[in-house]
Amino acid sequence: MPYIFKTGDIMIGGIFPIFNKQENLIASFERKMPRVKCNGFDLRAFRWTQVMMFALDEINRNEFLLPNISLGYKIMDSCASPTNVLRAALMLLSEQEEEKSTTQCHLPLTALVAESGSSQSLAVAGTLGPFRVPMVSYFSTCACLSDRSKYPTFFRTISSDYYQAKALASLVQQHGWTWIGALQSDNDYGRNGISAFTKEVEKIGVCIAFVGTILRTYPQNKINEVVELIKQSAVKVILAFVPEGDLYPLMKEVVRLNITGIQWIASEAWVTAARPSTPEMFKSFGGTVGFVVRKMAMPKLGPFLKNISPYSTSQSMFVSDFWETMAGCKPCLNCTPSANVKLNQICKGEEKLNYTDKFFDVSQLRVAYNVYQAVYAIAHAIHKVIFCKTDENNVTKQCLNISQITPKQVSDRLQKVNFVDDYGEKVFFDKNGDPPASYELINWQLRDGEVLHVAVGHFSTSTDGTYKLTVKKDYIRWNTGNLIPKSVCSETCPNGTRKAQIKGRPVCCFDCIPCADGSISNTTGAADCILCLEEYWSNERRDKCVIKATEFLSYTETMGIILTALSLFGASLTLATIIVFIHFRETPLVKANNSELSSLLLVSLFFCFLCPLTFIGEPTIWSCMLRHTAFGFTFALCISCVLGKTIVVVTAFRATLPGNNMAGKFGPVQQRIIVFSCTAVQIVICILWLKISPPFPDRALKYNNKKIILECNTGSDAAFYAVLGYISLLAAICLVLAFLARKLPDNFNEAKFISFSMLVFCAVWATFIPAYISSPGKYTVAVEIFAILSSAYGLLLSIFVPKCYIILIKPERNTKKHLMGKLRKASL
């Protein structure tokens, strides 16, 4: 295998993917396997080898770091292949043939700088671990390599993908992308990277629409399948967790098919790669964003790179490939053109390189700087192994012979290194061999025909495990221009709606369903609606709870006005009847109808008509107590008077029979006793009601979800129905007595009218109970008022209208002779 070699007192190995693709070989047991052939010279990887050589030369000239000890190196090509990198590592560790130098013996390998790919590093780290040979990677980011139980001697100078996954998830979350595609390389780097990223974004509700898998060795048809997947998908944001060498074939196909309108997110493996950063690629990949390790300017490296020449006496392996790539011709010293190399392709030795090429730009080194730090970390570890300080004068001296150094000692010291390099950067490793995480957010921008990698943000972690992403959004140029791309499976649900999962689809795909009555969502993208408090209700937009409207039977509404008018009209009729009876009090008809009981009955009816006025209006403590007790008292008095009149009618005609002295036993005093004793029972019931559990104003929520019904709670249903029951009892007695007296003489037969009025009264209150129970809200009050007015009008019209008719319309019948005429005929 080709290699770059320089002898030294202590040897350090290096493995780099100088060529990025290994030719496929068909294994056969019939003949010896041919030598591995690699294609695709990688300028960036070649520069990494030069950085390692530059760093070792710098260390060898340093008087304070490993004084009087030289570090040598042997650098080999991995072809970006796990099998080839393992072959290279084993060759570095095994006994070597004598080198063409002054050294005639095998120089032990103390440490290894390798490798760029995570799969390659996994292969080497797993092999070197049992031998305790330290390995420092400069570009392997797989979080799996932090497992100290599997890879005890693995270190790296680049942050783990554990943090890059968090950085990418923060970027996705900050820009509201919830529906994205993903591409992974078919190796440990891609699979572990996408797996870590998926775990992070699932926590914040982001869905992966698809995962495409690619590799540089895949045939074209497999690449086309992934490209077709991208074309058919509706996602507008795609993360590519792929090394540049694996992604490049797909990028060329995407550009060829002119697939645009996609915002690409890059992993650190390709976001700053030079090969795809061209105006041609920018047509489809412009605006790409991705995280990359911090950059560093290394001005001393510039002259070293410019001195690379195939014509130099110190030329090394792979320089001719570099020259052929940069100059466009193949250097051929002391050789003749071969069949594969034409004469016009051979360099003449007069070529001048373009030093403005990105290869010579040392102002923004990232991975190259990681290589530099890896070499210095190994050098500091070796220094700590060999040199120590004496207790007497604190002078550093060599305490160990070079021949006694073991890789395990170097590995143990690597874990403890802590120094500041020449560029002011602190170098150390945590318990897993990882450096502190710090990334720059890079954005692809096209300026003056050149693709620039512009820093537009920063991601860093702290010692307490927290992390922070800062993005300069005004500096970013997206694929869509200045407008932030939008990538969602379903639009965010607006206020007043909630998300409803679509069966069989990811959680990011949902329908927006309006919140039910009485519930709201006052944030966009709500998963559930919030129930309003009991006294609140949702507004029309379902985004705010508003206090429910209060409802009660008021004087200003139509129903209240009608009931008030009927109440006042009934009271006026009663008052007019009282006036008529007072004015005609000396007439036979008024005298014959027991003017005292009639007057008391009219007064009670007057208050019965006024009683509904206490039911109208907003309920208060006093109005609630008054309405029920006033109703009970006035109607008990009213029915008691009717009962007295009924008894008077019955006893009056019984007294006309021979030998009957009942009229003398039932005089005015007895009539008063009946009225007031019957009324007193109701008064006692009302007093007990008010004392034990009085009515009170209440806010009823059960009748209407959108309204609060202000009503009077009876306090005690038993007391309320006791009042109604007692009135019903008195009415039933009156009805029975009046029914028994219905066949008395017509001219003086008041019992018929009383009987009819009691029928009306009983019918009204019999229908009141079910109507009262089934009526909601203010209509309950209206039903009760209607029952009161109906029964009051029934009594007034049935008992007093016939009398007023005779008094006012037929005065000729209002004579003692007319009243007694029929009575005599009946007695004869």
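Residues numbered from 1 in each chain as written. Predicted model: local features only at pLDDT ≥ 70, side-chain atom pairs only at ≥ 80, totals over all residues. Heavy atoms only, no water.

> Hey, could you run me through the environment of Ile12 in this one?
Tracing the backbone shows Ile12 in strand 2 (residues 10-16). Distance in space between the C-alpha atoms of Ile12 and Tyr73 is 4.8 Å, their sequence separation being 61 residues. Sequence-distant contacts of Ile12, defined by excluding residues within four places in its chain, comprise Met52, Leu56, Leu71, Gly72, Tyr73, Lys74, Leu109, Thr110, Ala111, Val113, Ile378 and Ile382. (Helix = DSSP H or I, 4+ residues; strand = E, 2+ residues; numbered from the N terminus. Contact = heavy atoms within 4.5 Å.)

> Can you help me understand the layout of surface pockets in this one?
One way to see where empty space is left: roll a probe the size of a water molecule over the atoms. Considered as a void within the structure, the largest pocket measures approximately 890 Å³ in volume. Arg47, Thr272, Ala273, Ala274 and Lys358 are the residues nearest the centre of the largest pocket, which is lined by 31 residues in total. Listing elements by their share of the lining of the largest pocket, those giving two or more residues are strand 4 (38-41), helix 1 (43-61), helix 11 (367-386) and strand 19 (450-461). The element contributing the most residues to the lining of the largest pocket is strand 19, with six residues. (1 Å grid on protein atoms, 1.4 Å probe; cavity = no way out; pocket = protein on both sides within 12 Å on 5 of 7 lines; lining within 4 Å. Points joined across faces, edges and corners; volume = space filled by probe spheres on them.)

> I keep staring at the sheet that holds strand 20 (residues 467-471) and nothing clicks. Help me out?
Strand pairing in a sheet relies on backbone hydrogen bonds. The paired strands run either parallel or antiparallel. Taken together, the eight strands give an open sheet; going across it, the order is 10-9-11-12-13-18-19-20, and neighbouring strands pair in mixed fashion. The open sheet has two edge strands, strand 10 (207-214) and strand 20, and neither has a second partner. Ignoring strand direction, the axes of neighbouring strands in this sheet form an average angle of 25°. Judged from the four bridges that link them, strand 9 (residues 179-185) and strand 11 (residues 237-241) form a sheet pairing that is parallel. Among the inter-strand pairings, Ala182 is bridged to a residue of strand 11, identified as Leu239. Here helix 6 (residues 220-232) sits on the sheet and contacts strand 9, strand 10, strand 11 and strand 12 (263-266); the angle it forms with strand 10, its principal contact strand, is near 160°. (Pairing = 2+ DSSP bridges. Axes fitted to C-alpha atoms, helices over the stretch in contact; angles between N-to-C directions.)

> I keep staring at the packing of helix 11 against helix 12 (residues 407-414) and nothing clicks. Help me out?
Helix packing geometry: the angle between the two helix axes and the distance between the axes. Two numbers describe how helix 11 lies on helix 12: the axes approach to 8 Å, and their chain directions differ by 110°. As the angle between them shows, helix 11 and helix 12 are arranged roughly perpendicular. Two packed elements cross with a definite hand, and for helix 11 against helix 12 that hand is right-handed. Packed against helix 11, whose contacting residues are Ala377, Ile378, Ala381, Ile382, Lys384 and Val385, the element helix 12 presents Gln409, Val410, Arg413 and Leu414 at the interface. For the contact of helix 11 with helix 12, the residue count by class is seven nonpolar, one polar and two charged. (Parallel < 35°, antiparallel > 145°, perpendicular 65-115°, else oblique. Left-handed = near helix turned anticlockwise from the far one by under 90°. Nonpolar A, V, L, I, M, F, W, Y, C, P; charged D, E, K, R; others polar.)

> Would you mind showing me how to read the state of the cysteines here?
Disulfide: a covalent bond formed between the sulfur atoms of two cysteine residues. The final tally for this structure, using the stated rule, is 10 disulfides. Here Cys329 connects covalently by a disulfide to Cys347, the sulfurs 1.9 Å from one another. Measuring the twist about the S-S bond at about 105°, one finds the Cys329-Cys347 disulfide to be right-handed. One end of the pair, Cys329, is in the loop between helix 10 (319-327) and helix 11; the other, Cys347, is in the loop between helix 10 and helix 11, with 18 residues separating them in the sequence. For the pair formed by Cys329 and Cys347, the shared burial category is buried. Covalently, Cys489 is tied to Cys509 through a disulfide, its sulfur atoms 1.9 Å apart. Taking the sign of the S-S torsion, 105° for the link of Cys489 and Cys509, the bridge is right-handed. Remark: Cys509 occurs in the loop between strand 21 (497-501) and strand 22 (510-514) and Cys489 occurs in the loop between strand 20 and strand 21; sequence separation between them is 20 residues. Take Cys489: its relative accessible area is 24%, and that puts it in the partly exposed class. A relative accessible area of 1% places Cys509 in the buried class. With no disulfide of its own, Cys734 lies closest to Cys678 among cysteine sulfurs, the gap being 8.4 Å. With no disulfide of its own, Cys762 has Cys734 as its nearest cysteine by sulfur position, at a separation of 8.9 Å. (Disulfide = S-S within 2.5 Å. Buried < 20%, exposed > 50% of the residue type's maximum accessible area, 1.4 Å probe, protein only.)

> Please explain the side chain of Ser81 as it appears in this structure.
Here Ser81 shows up in the loop between strand 5 (71-77) and helix 2 (82-93). Residues in contact with Ser81, not counting those within four places in the same chain, are Gln22 and Gln120.

> Hey, could you run me through the pairing of strand 11 in this one?
If a strand is regular, its side chains alternate between the two faces of the sheet. With five of five residues buried, strand 11 lies mostly within the body of the structure. Neither face of strand 11 is open: one carries Val237, Leu239 and Phe241, the other Ile238 and Ala240, and all of them are buried. As judged from the four bridges shared by strand 11 and strand 12, these two strands associate in the parallel manner. In the strand pairing of strand 12, Val237 is matched with Gln263. After leaving strand 11, the chain enters helix 7 (residues 244-256) and then returns to the sheet as strand 12, a path that is right-handed. (Right-handed = clockwise from strand over helix to strand, strands pointing away.)

> Could you clarify how one ought to interpret the nonpolar core in this entry?
Generally speaking, soluble globular proteins have nonpolar side chains that are buried together. With 141 residues, the main nonpolar core has Met52, Leu183, Leu250 and Ile382 as its most contacted residues. The element contributing the most residues to this core is helix 11, with 15 residues. By size, the runner-up hydrophobic cluster in this structure holds 67 residues, among which are Leu597, Leu601, Phe768 and Ala787. (Core = buried A, V, L, I, M, F, W, Y, C linked by side-chain atoms within 4.5 Å.)

> When you look at helix 11 in this model, what are you seeing that I'm missing?
Each turn of an α-helix holds 3.6 residues, which means side chains three or four residues apart point in the same direction. With 20 residues, helix 11 should cover 28 Å at 1.5 Å per step; its first-to-last C-alpha distance of 29 Å lies within 8% of that length. The buried fraction of helix 11 is high, at 18 of 20 residues. (Expected span 1.5 Å × (residues − 1).)

> Honestly, a positive patch on the surface in this entry has me stumped. Any pointers?
The grouping of Lys384, Lys389, Arg413 and Lys416 at the surface amounts to a positive patch. Within the fold, Lys416 resides in the loop between helix 12 and strand 16 (418-420). (Patch = residues over 30% accessible without salt bridge, like charges linked within 9 Å, V, L, I, M, F, W, Y side chains within 5 Å. Areas by Shrake-Rupley, 256 points an atom, 1.4 Å probe, with all protein chains shown as cover. Salt bridge = Lys/Arg side-chain N within 4 Å of Asp/Glu carboxyl O. Lys, Arg positive; Asp, Glu negative; His and termini not counted. Charge placed at Lys NZ, Arg CZ, Asp CG, Glu CD.)

> Honestly, empty space enclosed by the protein in this entry has me stumped. Any pointers?
Enumeration according to the criterion identifies one cavity of 30 Å³ or more in this entry. The computed volume of the largest cavity comes to approximately 40 Å³. Lining of the largest cavity is provided by Phe552, Leu553, Phe615, Gly617, Pro619, Arg627, Leu710, Glu711, Cys712, Lys778 and Val781. Taken together, the elements giving at least two residues each to the lining of the largest cavity come down to strand 29 (707-713) and helix 21 (778-799). Residue composition of the lining of the largest cavity, by class: seven nonpolar, one polar and three charged.

> Hey, could you run me through the pattern of salt bridges in this one?
The final tally for this structure, using the stated rule, is 19 salt bridges. The partner of Asp412 in a salt bridge is Lys408, and the shortest N-O contact between them spans 3.1 Å. Placement of the pair is Asp412 and Lys408 together in helix 12, with a separation of four residues, close to one helical turn. The exposure class assigned to Asp412 is partly exposed, which follows from its relative accessible area of 34%.

> Just checking my understanding: could you explain the packing of aromatic side chains for this structure?
Inspection of every chain in the model, using the stated rule, returns 39 aromatic pairs. Relative to Phe607, the ring of Phe606 has its centre 5.6 Å away and its plane inclined at 75°; by these criteria the two rings are edge-to-face. On the basis of relative accessible area, Phe606 is assigned to the partly exposed category, the value being 22%. Aromatic rings pair up to connect Phe19, Phe41, Phe46, Phe318, Phe322, Tyr355, Phe359 and Phe360 into one cluster. Positioned above the aromatic ring of Tyr218, the side-chain terminus of Lys222 is 4.5 Å from the ring centre. It is Lys499 that lies over the ring of Phe510; its NZ or CZ is 5.1 Å from the centre. (Phe/Tyr/Trp six-rings, centres within 6.5 Å; stacked < 30°, edge-to-face > 60°. Lys NZ or Arg CZ within 6 Å of the ring centre and 35° of its normal.)

> Would you mind showing me how to read the sheet that holds strand 29 here?
Spatially, the three strands line up as an open sheet ordered 27-29-28, and their pairing is mixed. Bordering the open sheet on either side are strand 27 (549-551) and strand 28 (696-700), each of which pairs with just one other strand. Strand-to-strand twist in this sheet, taken as the mean axis angle between neighbours without regard to direction, amounts to 30°. One ladder, built from three bridges, connects strand 27 with strand 29; its direction is parallel.

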